[in-house]
Amino acid sequence: MADAPGLLGPVDQQALDEVVTFTSELIRIDTTNRGGGDCRERPAAEYAAERLAAAGLEPTLLERTPGRTNVVARIPGTDPSAEALLVHGHLDVVPAEAADWTVHPFSGEVRDGVVWGRGAVDMKNMDAMILAVVRGWARTGFRPRRDIVIAFTADEEDSAEDGSGFLADRHAELFAGCTEGISESGAFTFHAGHGLSLYPIAAGERGTGWLKLTAEGRAGHGSKVNRANAVSALAAAVARIGAYEWPIRITPTVRAAITEIAALHGITADLDEPGFDVAQLLAKLGPAAALVENTIRNSSNPTMLDAGYKVNVIPGHATAFVDGRMVPGGEDEFRETLDRLTGPEVSWEYHHREVALQAPVDAPTYAKLRAAVERFDPDGHTVPYCMSGGTDAKQFSRLGITGYGFSPLKLPVGFDYQALFHGVDERVPVDALHFGVRVLDHYLRTA
Ligand SMILES: [Zn+2]
């Protein structure tokens, strides 16, 4: 956090206190999403809605399935002609095994200046920051220029069908006028070594293609000649998919990321130079290579196999699942390549599919996000990046909303944000939350 007076912005002590309390109390409301509908966000949704209502807003609670509650509220801006901005955070968390943790994952304990628990970085921290900022505005009567739509969602950690998917499909009217959105997985400190602090802002997400492969063969005795063995056909296809080296495909966001990160390492990278070798360049970027290496190409990892029931019986049927991801614009190539890799004996279909996203890094919004971070950490450097996985932004993109990953946190050296995501001992420093509130407040005031 900037120490110089005057650089701290208009955030008051109450907002700083509230962001810590809200993070801790939201963690204490166990919203574990075990998948398959096993989750109940309602108590957390009510908690958030009460705090929005106390700030003079009129939150709406929405459920497709009882208990799977979403909250939406709109802050009217001063300029009715301006496009609206969506600020969203999910309320559910992934499971946590208490025995593995130093502090109970649903205690929300604040110990030595650190808030502990599941959701501390993904993403009850951001939910708490949003609440703290809008309540601070209510105390002074501040109104933003753009309409700001706040959404707290259910079911992000599973299918989003009870959360952002439901909101986008059934309640589009609540998001009228929204053209851009901000949410999780961006603007955290990434320590790149040699004292270099990066703040990756997400400006894109790879698409998801979870595949089901099926081989049909001829069932029979395991001792007989069988040229139509489903297990052999499936295994061969799975091996080809797992071994496939996807070609490099540099999208605009990743191009900007590589160029900017390289420049911060004192390397001039000309990606258009004939013979440019991205792997060679990444090898020179040290830890920062992790910000791009998963998003320079499509990927396809076999994850599940199922066939047979007895060692001397050849089954007539074998199935496998593959976790596929595609870079923005890479879906046609993904499909054609899978057709080729599976071959004529194995069919494949999308078991689950989500679009890839790309947000412009030359847009005014991106410049404002960048400026807000650098104002409060003048030694930090924002860089764009593409997420290797996906968020609720995919669902909201159906409403024409361009999403950025922006949940600002200033983290000390040794705090590996990406390892804490869904990890054991998830926690967030109080100072990081304070920084986040100041940056979010400033960005939203200038948005
Ligand atoms: Zn998340």
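The model shown is predicted, which means the values in this text are computed figures rather than measured ones. The numbering scheme is per chain: residues are counted from 1 as the chain's sequence reads. With the structure being a predicted model, the display of local features is reserved for residues of pLDDT at least 70 and the display and counting of side-chain atom pairs for 80 or more, all residues being used for whole-chain, interface and lining totals. Remark: hydrogens and water are excluded; side-chain values derive from all non-hydrogen atoms of the structure.

(A) Up close: empty space enclosed by the protein. Computed over the protein atoms alone on a 1 Å grid, cavities are sets of points where a 1.4 Å probe fits but cannot get out and pockets are open sets with protein on both sides within 12 Å along at least five of seven lines; a residue lines them when it has an atom within 4 Å of a point. Grid points are joined across faces, edges and corners, and a volume is the space filled by probe spheres set on the points. Evaluated as defined, the whole model comprises 1 cavity of 30 Å³ or more. A volume near 80 Å³ is recorded for the largest cavity. Lining the largest cavity are 15 residues, with Glu205, Ala393, Gly403, Tyr404 and Gly405 positioned closest to its centre. Elements with a minimum of two residues in the lining of the largest cavity: strand E7 (178–183), strand E9 (197–205) and strand E18 (402–405). For the purposes of this entry, the term helix denotes a DSSP run of H or I that reaches at least four residues, the term strand denotes a run of E that reaches at least two, and both are numbered from the N terminus. Element by element, the count of residues in the lining of the largest cavity is highest for E9, at 4 residues. Gly counts as polar in this scheme, as do all residues outside two lists: the nonpolar Ala, Val, Leu, Ile, Met, Phe, Trp, Tyr, Cys and Pro, and the charged Asp, Glu, Lys and Arg. For the lining of the largest cavity, a count of residues per class yields 7 nonpolar, 6 polar and 2 charged.

(B) Layout of the sheet that holds strand E19 (residues 427–429). Judged by pairing direction, the sheet is antiparallel, and its 3 strands sit side by side in the order E4-E5-E19 without closing on themselves. Of all strands in the sheet, those bounded by a partner on one side alone are strand E4 (110–111) and E19. At least two bridges found by DSSP between two strands is the condition for calling them paired. Pairing between strand E5 (residues 114–116) and E19: 3 bridges, direction antiparallel. By the bridge assignment, Val114 is partnered in E19 with Pro429. Throughout, a contact is declared for two residues whenever any of their heavy atoms are within 4.5 Å. Fitting a line to C-alpha atoms yields each axis, with helices limited to the stretch in contact; the angle taken between N-to-C directions then spans 0 to 180 degrees. Against the sheet, helix H1 (residues 13–28) engages E4, E5 and E19, with an angle of about 20° to E5. Seen against the sheet, helix H12 (residues 430–446) touches E4, E5 and E19 and runs at an angle of roughly 70° to E19.

(C) Looking closely at the coordination of the zinc ion. The protein atoms that coordinate the zinc ion are His90 (NE2), Asp122 (OD), Glu184 (OE) and Glu184 (OE), at distances of 1.8 to 2.7 Å. Any nitrogen, oxygen or sulfur atom within 2.8 Å of a metal ion counts as a donor, with the limit raised to 3.2 Å for Na, K and Ca, and since water is left out, coordination shells can look unfinished. The rule is simple: four donors are tetrahedral if all their angles sit between 85 and 135 degrees, four are square planar and six octahedral if opposite donors span more than 155 degrees and the others lie between 65 and 115, and anything that fits none of that is irregular. Coordination at the zinc ion is irregular, judged from the 4 donor atoms that bind it and the angles of 52 to 146° they form at the metal. Coordination of the zinc ion draws on donor residues from a single chain, spaced H-x31-D-x61-E in sequence. Here the residue His90 occupies a position in strand E3 (residues 84–90), and Glu184 occupies one in the loop between E7 and strand E8 (190–191), the gap between them amounting to 94 residues. A simple rule labels every residue: compare its accessible area, found with a 1.4 Å probe on the protein chains alone, to the largest value its type can have, and call it buried under 20%, exposed over 50%, or partly exposed in between. Taking the relative accessible area as the measure of exposure, His90 reaches 1% and is therefore buried. Accessibility expressed as a relative area gives 5% for Glu184, which makes it buried.

(D) A look at unusual backbone geometry. That bond from Asp122 to Met123 is cis: its omega, -10°, falls within 30 degrees of zero. As for its placement among the helices and strands, Met123 is situated in the loop between E5 and helix H3 (124–140). In the Ramachandran plot, Asp112 falls in the positive-phi region, its phi being about 50° despite a non-glycine side chain. Counting through the fold element by element, Asp112 comes out in the loop between E4 and E5. What makes Asp112 exposed here is its relative accessible area of 77%. Its identity as a non-glycine residue notwithstanding, Asp155 has a phi of 65°, on the positive side.

(E) How the structure looks around the layout of surface pockets. Here the largest pocket is characterised by a volume of approximately 1000 Å³. In terms of lining, the largest pocket is formed by 40 residues, of which the most central are Arg325, Ser388, Gly389, Gly390 and Thr391. Counting residues per element, the ones that place at least two in the lining of the largest pocket are strand E10 (207–216), strand E12 (299–307), strand E14 (317–326), strand E15 (346–354), strand E17 (381–387), helix H10 (393–396) and helix H11 (417–420). Here the element with the most residues in the lining of the largest pocket is E17; it accounts for 3 residues. For the lining of the largest pocket, a count of residues per class yields 12 nonpolar, 16 polar and 12 charged.

(F) Structural view of the nonpolar core. Nonpolar core, defined: a set of buried Ala, Val, Leu, Ile, Met, Phe, Trp, Tyr and Cys residues in which side-chain atoms within 4.5 Å join the residues together. Counting 99 residues, the largest nonpolar core has Ile182, Leu409 and Leu444 as its most contacted members. In this structure, Ile182 is in contact with Leu86, Val87, His88, Met126, Leu369, Tyr404, Phe406, Leu440, Tyr443 and Leu444, ignoring residues within four places of it in sequence. In this structure, Leu211, Leu234, Ala320 and Val322 belong to the second largest nonpolar core, which totals 19 residues.

(G) How the structure looks around the sheet that holds E15. Judged by pairing direction, the sheet is antiparallel, and its 4 strands sit side by side in the order E12-E14-E10-E15 without closing on themselves. Strands at the two margins of the open sheet, each flanked by one partner only, are E12 and E15. On average, each strand axis in the sheet is inclined to that of its neighbour by 20°, with strand direction left out of account. Relative to E14, E12 runs antiparallel, the two being bridged by 8 bridges. Bridge pairing links Ala307 to Ala318 in E14. Where helix H8 (residues 331–342) meets the sheet, it contacts E10, E12, E14 and E15, and its direction lies at approximately 155° from that of E15.

(H) Here's a closer look at H1. Helices are assigned an expected span. That span is 1.5 Å times one less than the residue count. Taking 1.5 Å per residue as the helical rise, H1 with its 16 residues ought to reach 22 Å, and the 23 Å between its terminal C-alpha atoms agrees with that figure. Looking only at H1, the buried set comprises Ala15, Leu16, Glu18, Val19, Val20, Phe22, Thr23, Ser24, Leu26 and Ile27.

(I) Region of interest: the packing of aromatic side chains. Each Phe, Tyr or Trp ring, with Trp reduced to its six-membered ring, pairs with another whose centre is within 6.5 Å; inter-plane angles below 30 degrees give stacked pairs, above 60 give edge-to-face pairs, and intermediate values give tilted ones. Under the counting rule described, the total for this entry stands at 12 aromatic pairs. A centroid spacing of 5.5 Å and a plane angle of 10° characterise the contact between Trp246 and Phe334, whose relative ring orientation is stacked. Of this pair, Trp246 sits in the loop between helix H5 (230–243) and helix H6 (252–264) while Phe334 sits in helix H8, placing them 88 residues apart in sequence. By relative accessible area, which is 0% here, Phe334 ends up buried.

(J) Local environment of the pattern of salt bridges. Just to be clear on terms, a salt bridge is a Lys or Arg side-chain nitrogen sitting within 4 Å of an Asp or Glu carboxyl oxygen. Under the criterion given, the structure shown has 25 salt bridges. Between Asp12 and Arg139 there is a salt bridge; the shortest N-O distance is 2.8 Å. Here Asp12 is found in the segment before H1, whereas its partner Arg139 is found in helix H3, with 127 residues between them in sequence. On the basis of relative accessibility, which here comes to 32%, the residue Arg139 falls in the partly exposed class. Linking Arg146 and Glu180 is a salt bridge whose minimum nitrogen-to-oxygen distance equals 3.0 Å. Taken together, the residues span a long stretch of sequence, with Arg146 in the loop between H3 and strand E6 (148–153) and Glu180 in strand E7 at a distance of 34 residues. For the pair formed by Arg146 and Glu180, the shared burial category is buried. Each of Glu41, Arg64, Arg68, Asp155, Glu161 and Asp162 takes part in one network of salt bridges that share partners.

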